[in-house]
Amino acid sequence: SCTAVQLYDVSILVKLPRIIYNCRSEAWGGSILRSSMPPNKLDSGHSDEEEQVSKMNRTKVEEHWRNVLRREKLESFQKELSSLQSCHEEEVLRIDAVHSRAEKGFYSAEEQYRSAYVLHLQRIDELTELYKEGLLHMERDFADKLDFLRHDYSSE
C-alpha cells in the first residue's frame, strides 16, 4: 500500500554548511564573499562601496541558494511523482481485478439465471401435461358416468 510523501524535504538544512562552503569554492571564480576591491581601500572607510559589494555578494549567494532549493524541490517532486505513479499503477491493477471478478460474477449469475429459467419452463411444461392428463381423466370419468346414467334412465 502507498504512503503519503512528505512535501518539504528537511535534508536541505543538513546540506546548508556544505552549500555555503561551495559558494566560496574556486568553481565560482574565487570567493564571491570577498570584495574585489583592494584591501587598503576597504580599510580606508569607503562604506558605500563596501555595501554595494556586500549587496552584490548577498544577491549572488541568494540566487545560488534559490537554485539549490529549486533543484532540491525538483528532486523531491520527482521522488513524489514516482511514488504516486507506482501507487496509481497499483490502484489501477486492483480496480481491474475487482472489475474482472465482478464480470465473472455477472456471467456466472447470468448462466445460473438461464439454467433456472430453462428448468422453470420444463417444470411448467410438466405441470401443464399433468393438468391435461387430469382433465382428460376427468372428461373420461364424466363421459363414463354420463353413459351409465343414460343407460340407467333409458332402461327404466
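The preceding data block contains the structure.
Residues numbered from 1 in each chain as written. Predicted model: local features only at pLDDT ≥ 70, side-chain atom pairs only at ≥ 80, totals over all residues. Heavy atoms only, no water.

Undergrad: Help me get a handle on the overall build of the chain, residues and values and all.
TA: For the chain, the helix and strand inventory stands at three helices and zero strands. Going from N to C terminus, the chain has its helices and strands arranged as α-α-α. In the chain, which comprises 156 residues, the share counted as buried stands at 10%. Residue pairs in contact within the chain that sit at least 24 positions apart in sequence constitute 66% of those at least 6 positions apart. In the form shown here, the chain has an accessible surface area of approximately 13,600 Å², with 58% of it arising from carbon and sulfur atoms. (Helix = DSSP H or I, 4+ residues; strand = E, 2+ residues; numbered from the N terminus. Buried < 20%, exposed > 50% of the residue type's maximum accessible area, 1.4 Å probe, protein only. Contact = heavy atoms within 4.5 Å. Areas by Shrake-Rupley, 256 points an atom, 1.4 Å probe, with all protein chains shown as cover.)

Undergrad: Residue-level account of the pattern of salt bridges, with values.
TA: Close approach of charged atoms lets side chains of opposite charge pair. Under the counting rule described, the total for this entry stands at five salt bridges. We note a salt bridge from Arg-123 to Glu-126, for which the minimum N-O separation is 3.5 Å. With a gap of three residues between them, Arg-123 and Glu-126 both fall in helix α3 (residues 47-155), about one helical turn apart. On the accessibility criterion, Glu-126 (43% relative accessible area) is partly exposed. (Salt bridge = Lys/Arg side-chain N within 4 Å of Asp/Glu carboxyl O.)

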